[in-house]
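# Tertiary structure, described
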Amino acid sequence: MSPNWPRFRKQMGQWLLGMIVTQYGWSAGEAVIATSQPLAAEAGAWALERGGDAVDAAAAIQFALNVVEPQSSGIGGGAFFLVYRAATHQVYALDAREVAPRDDTPDQFSHLGYLEASTSGIAVGVPGTLAGVEALRQRWGRLTLAQSLQPAIDDAQKGIVITPYLAHSLQSSRAALQPEALALTRDVQGQVRTLGQRWIQPELAHTLRLIARAGPKVFYQGEIARAMVTAQRRTRAGPAGQGRMSLEDLAHYQPVWRTPLEGEYRGYRIVTMPPPSSGGVAVLQALQTLAPFKLGTLPGLGAGDPDEIHLTIEALRLAMADRARWLGDPAATPIPLEHLLSPFYLAQQSQRLERKKRMGDMLSGTWPEGTNTTQFTVVDHEGNVVSVTSTVEAPWGSGILVPGYGFFLNSELTDFNLKPQAGAGDPGANDVRPQCRPRSSMAPTLVFKDGQWISAYGSPGGVSIISTVLEMSQDFLDEALTPEAALRLPRYAVMDAQGHTLVEKTLAPAVVDQLRARGHDVTVSEIPLGSVQWVGENPQTHERLGVADQRRDGTVIRLLP
Ligand code: GLU
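Basis of the calculations
- Residues numbered from 1 in each chain as written.
- Predicted model: local features only at pLDDT ≥ 70, side-chain atom pairs only at ≥ 80, totals over all residues.
- Heavy atoms only, no water.
- Axes fitted to C-alpha atoms, helices over the stretch in contact; angles between N-to-C directions.
- Helix = DSSP H or I, 4+ residues; strand = E, 2+ residues; numbered from the N terminus.
- Left-handed = near helix turned anticlockwise from the far one by under 90°.
- Contact = heavy atoms within 4.5 Å.
- Nonpolar A, V, L, I, M, F, W, Y, C, P; charged D, E, K, R; others polar.
- Near = heavy atom within 4 Å.
- Polar contact = N/O pair within 3.5 Å; in protein donor to acceptor, adjacent residues only side chain to side chain.
- Areas by Shrake-Rupley, 256 points an atom, 1.4 Å probe, with all protein chains shown as cover.
- Expected span 1.5 Å × (residues − 1).
- Buried < 20%, exposed > 50% of the residue type's maximum accessible area, 1.4 Å probe, protein only.
- Pairing = 2+ DSSP bridges.
- Salt bridge = Lys/Arg side-chain N within 4 Å of Asp/Glu carboxyl O.

What follows deals with the packing of helix α2 (residues 38–49) against helix α6 (residues 145–158). Contact geometry for α2 and α6: axes closest at 9 Å, N-to-C directions at 145 degrees. Considering only the axes of α2 and α6, their crossing is right-handed. Residues L39, A43 and W46 of α2 form the contact with α6, whose participating residues are Q147, Q150, P151 and D155. Partitioning the contact of α2 with α6 into residue classes produces four nonpolar, two polar and one charged.

Surrounding the ligand, one finds 17 residues, the nearest of these being N372, E393, E412, D415 and G462. With respect to the ligand, the backbone of N372 contributes an N or O atom lying 2.4 Å from an oxygen atom. In the environment of the ligand, an oxygen atom lies 2.7 Å from a nitrogen or oxygen atom belonging to the side chain of T373. Contact with the protein chains removes 100% of the 290 Å² of surface that the ligand exposes when unbound. Considered class by class, the residues forming the shell around the ligand number three nonpolar, nine polar and five charged.

So, on to helix α3 (residues 54–68). Given a rise of 1.5 Å per residue, 15 residues ought to cover 21 Å, and the 20 Å separating the end C-alpha atoms of α3 matches this to within 8%. A large share of α3 lies buried, amounting to 15 of its 15 residues.

Our focus in this paragraph is the pairing of strand β7 (residues 261–265). Side-chain direction in a regular strand flips from residue to residue, so the side chains alternate between the two faces of the sheet. Of the two faces of β7, the one holding L261, G263 and Y265 is buried and the one holding E262 and E264 is not buried anywhere. Where β7 meets strand β8 (residues 268–272), five bridges bridge the pair, whose relative direction is antiparallel. For L261, the partnering residue across the bridge sits in β8 and is T272.

On to the sheet that holds strand β15 (residues 522–524). Strand order in the open sheet made by the three strands is β13-β14-β15, with mixed pairing throughout. In this open sheet, the two strands that pair with only one neighbour each are β13 (492–494) and β15. Geometrically, the sheet is characterised by an average inter-axis angle of 20 degrees between neighbouring strands, direction not taken into account. With three bridges connecting them, strand β14 (residues 501–503) and β15 associate as parallel partners. Bridged to V503 within β15 is V524. Sitting on the sheet, helix α14 (residues 306–326) is in contact with β13 and β14, with an inclination near 30 degrees to β13.

Okay, the pairing of strand β1 (residues 31–35) next. Of all the five residues making up β1, five are buried; the element is thus mostly covered by neighbouring parts of the structure. The alternating pattern of β1 places A31, I33 and T35 and V32 and A34 on opposite faces, both of which are buried. Sheet topology places β1 next to strand β18 (residues 555–559); five bridges connect them, and they run antiparallel. Across the sheet, A34 pairs through a bridge with V556, a residue of β18. Note: β1 against strand β9 (residues 374–379), three bridges, orientation antiparallel. Within β9, the position partnered with V32 by the bridge is V379.

Per the stated rule, a full pass over the model turns up 23 salt bridges. Across the pair E262 and R269 runs a salt bridge whose closest N-O atoms are separated by 2.9 Å. Residue E262 is classed as partly exposed on the basis of its relative accessible area, which comes to 42%. For R269, a relative accessible area of 23% puts it in the partly exposed group. Between E504 and R551 there is a salt bridge, and its shortest N-O distance comes to 2.8 Å. Taken as a pair, E504 in the loop between β14 and α19 (509–517) and R551 in the loop between β17 (544–548) and β18 lie far apart in primary sequence, 47 residues in all. Each member of the pair, E504 as well as R551, is classed as buried. A network of salt bridges, in which partner residues are shared, links D53, R85, R142 and E382.

Okay, unusual backbone geometry next. The omega torsion of the bond from P275 to P276 falls at 20 degrees, within 30 degrees of zero and hence cis. Backbone geometry at Q435 places phi at a positive 65 degrees, although glycine is not the residue there. The topology assignment puts Q435 in the loop between β10 (385–391) and β11 (445–449). A positive phi is found at H542, a non-glycine position, where the angle reads about 65 degrees. Within the secondary structure layout, H542 lies in the loop between β16 (533–537) and β17. Classification of H542 as partly exposed rests on a relative accessible area of 31%.

Written out as structure tokens, the structure is:
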């Protein structure tokens, strides 16, 4: 991050101020924002400074991210929100995931390759992010929708400076598949826009202003809805690739309040996202499967130790096998959650693990998934917390920019099974079903100790989210690492039940060799894994902290009480 950028300097100034004041004894009541992009954090601070609640900050961050990190999330996509209300100690989970249109069918991807399917309208789910933000605002918001949109409108209208992660993403071929996207992501000479250049998005500013004036109705039932329906007829796969979303699908979109998923681990209460995410289930399963190995704190088990990584890979493989068979939208097939999370079942699973030896082969792998998306996390002055994972699935979603409106449509429906699996005892839990939601891995998570909230985090990264959130949980709860130290550790990610494992380049080659010697299928990833945005509170001092991942343009802002 170049220190010459004036807005960034201002941000660093705010951050440093927060640090200094902490040293001089302020302990409670700070608001903290962690996002993967500096201007998004500023948008959240803008909302809080105007008396907004954490949900107002989350709304402002989400709209700003649509402008400054459009490759990862936006109104054309979907999101999961986990909300903790300090006054009542209640946690709420809001599912604003995309939904399959009514005319979708289980075999709609069967004859299409992943790339052509995911860059055609057939991959576009009915977007949920705007409806989700609105549901949160209606329940707890203090600012108007127009206020929450203001920082994003300003960023889109006046332009933003391209940050390193955006510059990297702009090079993706998906940003240039359609003429409108090409025009947006290239400069006047037709060159890919680069780091440090100013980027204005007048069409997106227009869209956000329309929403500010007319409310979400213009998006779900008005001119924007009509434009989306037309845009998702775009196909790179012939007529079979045309989207089937109708005006009726858009008009009926509803986010769903769900009962959060909870687990106990070493005296901590972990609250995370339930299905249609598989993320929370898999993280809780893997933690419990590993628990017997942790209780005696055996030597050689600790962050980065080969035995620890080996066992974690094995526990994740078991979770991935369950995920492939049982996880999907609960509206589609019953999910045996009680069994999957029962202490008895997980104790049995633990017994399958061997400290030095890899288990035999299990179920086949899962389908390709993005390594994109975004996580942001906020605690406001009153201690209300919002942890959000928000996505358009692949980078730039489907690559379809809604003409005249300047935002990208998601490719979320490729998170369904691309080939139907139902039959021969398989429930086909994640087969495409009309009006159902594709299985996700996104796992915004909250941790409590003795009834007190202590941390909130999550990560992007498709199926690798599960490993990243698990590793962060282990680092905090088993190792008591500081969040800074936890974020710096090399990551690894189990991608399927066979155990195909990605590792970051920073993982020591000797450790990689030891894993391979035990038969693990390890690939060194070209790109970093995940991007964790964490905020938390020290239960003794009530000091609040935030940490943002430097794998992207992570930024923390702390606001004094
Ligand atoms: N679509 C993925 C999911 O819901 C997220 C994609 C990503 O993180 O890149 O799990």
